[in-house]
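In case you want the letters, here they are:
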Amino acid sequence: MADTDEWSAPFHDIDTVTAVPYGDLHTVSPFVATPEHAIHTILHHLQLTPQDFLVDLGCGHGTINVIAAKKYSVQGLGVDIEPGLVDIAKENAIKEGLENLIEFRVEDVLQTDLSEASVVVSFLVPRHLKQIASKLKD
């Protein structure tokens, strides 16, 4: 890097009004919207195809599933323990005409069946990720 170049963190230009609480102190992983730039980057690197089935554990507003369905024709499932967030996710899928590709459910991520998943995405707090780790290894 040249002396005149300034380094900046990835996604530094994203304006977020939600505090970003991390750690293991939460009984439920808090909802923090994933920046759309990050979602596009992640989905691009996953090299999704219409044959994939993407499960988002802790889907929030369903943005990951909606973008994956819209851009890559990927079917999927989004689960979240918060009914209000799942309602928003369902509305977002309907707005985009994607309700035939994506299902959203109110469900504890520990109870989610991952047998259909070819891709699992999750931004849960570390303690919750540890709890689902054995399911991901199967």
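Report on the accompanying structure. Treat the numbers as computed from the prediction; the structure is a model and nothing was measured.

In a beta sheet, neighbouring strands are held together by backbone hydrogen bonds and run either parallel or antiparallel to one another. One open sheet holds the four strands; their spatial order is E3-E2-E1-E4, and the pairing between them is parallel. Where the open sheet ends on each side, the last strands, each with one partner, are strand E3 (102-106) and strand E4 (119-122). Pairwise comparison of adjacent strand axes, ignoring direction, gives a mean angle of 15° for this sheet. Strand direction decides the pairing type here: strand E1 (residues 53-57) and E4, joined by four bridges, are parallel. Within E4, the residue paired with Asp56 across the bridge is Val121.

Residues Ala38, Ile39 and Leu43 constitute the buried set of helix H1 (residues 36-46). Buried residues of H1, seen end-on, are gathered within an arc of 125° and therefore sit on one face of the element. The exposed residues of H1 that point more than 90 degrees off its buried face are His44 and His45. Those residues of H1 hidden inside the fold are in contact with E1 and helix H2 (63-72). Positioned one or two residues after H1, Gln47 has a phi angle of 50°, which is positive.

With that out of the way, let us pick up the pattern of salt bridges. Two side chains carrying opposite charge are able to pair once their charged atoms lie near each other. Applying the stated criterion across every chain, the model contains three salt bridges. With a closest N to O distance of 2.8 Å, Lys70 and Glu96 form a salt bridge. In this pair, Lys70 is assigned in helix H2 and Glu96 in the loop between helix H3 (83-95) and E3, connecting sequence segments 26 residues apart. Using a relative accessible area of 39% as the deciding quantity, one classes Glu96 as partly exposed. With its nearest N and O atoms 3.2 Å apart, the salt bridge here joins Glu107 to Arg105. Assessed through its relative accessible area of 18%, Glu107 is described here as buried. Connected via shared salt-bridge partners are Glu103, Arg105 and Glu107.

Rules behind the numbers
- Residues numbered from 1 in each chain as written.
- Predicted model: local features only at pLDDT ≥ 70, side-chain atom pairs only at ≥ 80, totals over all residues.
- Heavy atoms only, no water.
- Pairing = 2+ DSSP bridges.
- Helix = DSSP H or I, 4+ residues; strand = E, 2+ residues; numbered from the N terminus.
- Axes fitted to C-alpha atoms, helices over the stretch in contact; angles between N-to-C directions.
- Buried < 20%, exposed > 50% of the residue type's maximum accessible area, 1.4 Å probe, protein only.
- Arc of directions from axis to C-beta.
- Contact = heavy atoms within 4.5 Å.
- Salt bridge = Lys/Arg side-chain N within 4 Å of Asp/Glu carboxyl O.

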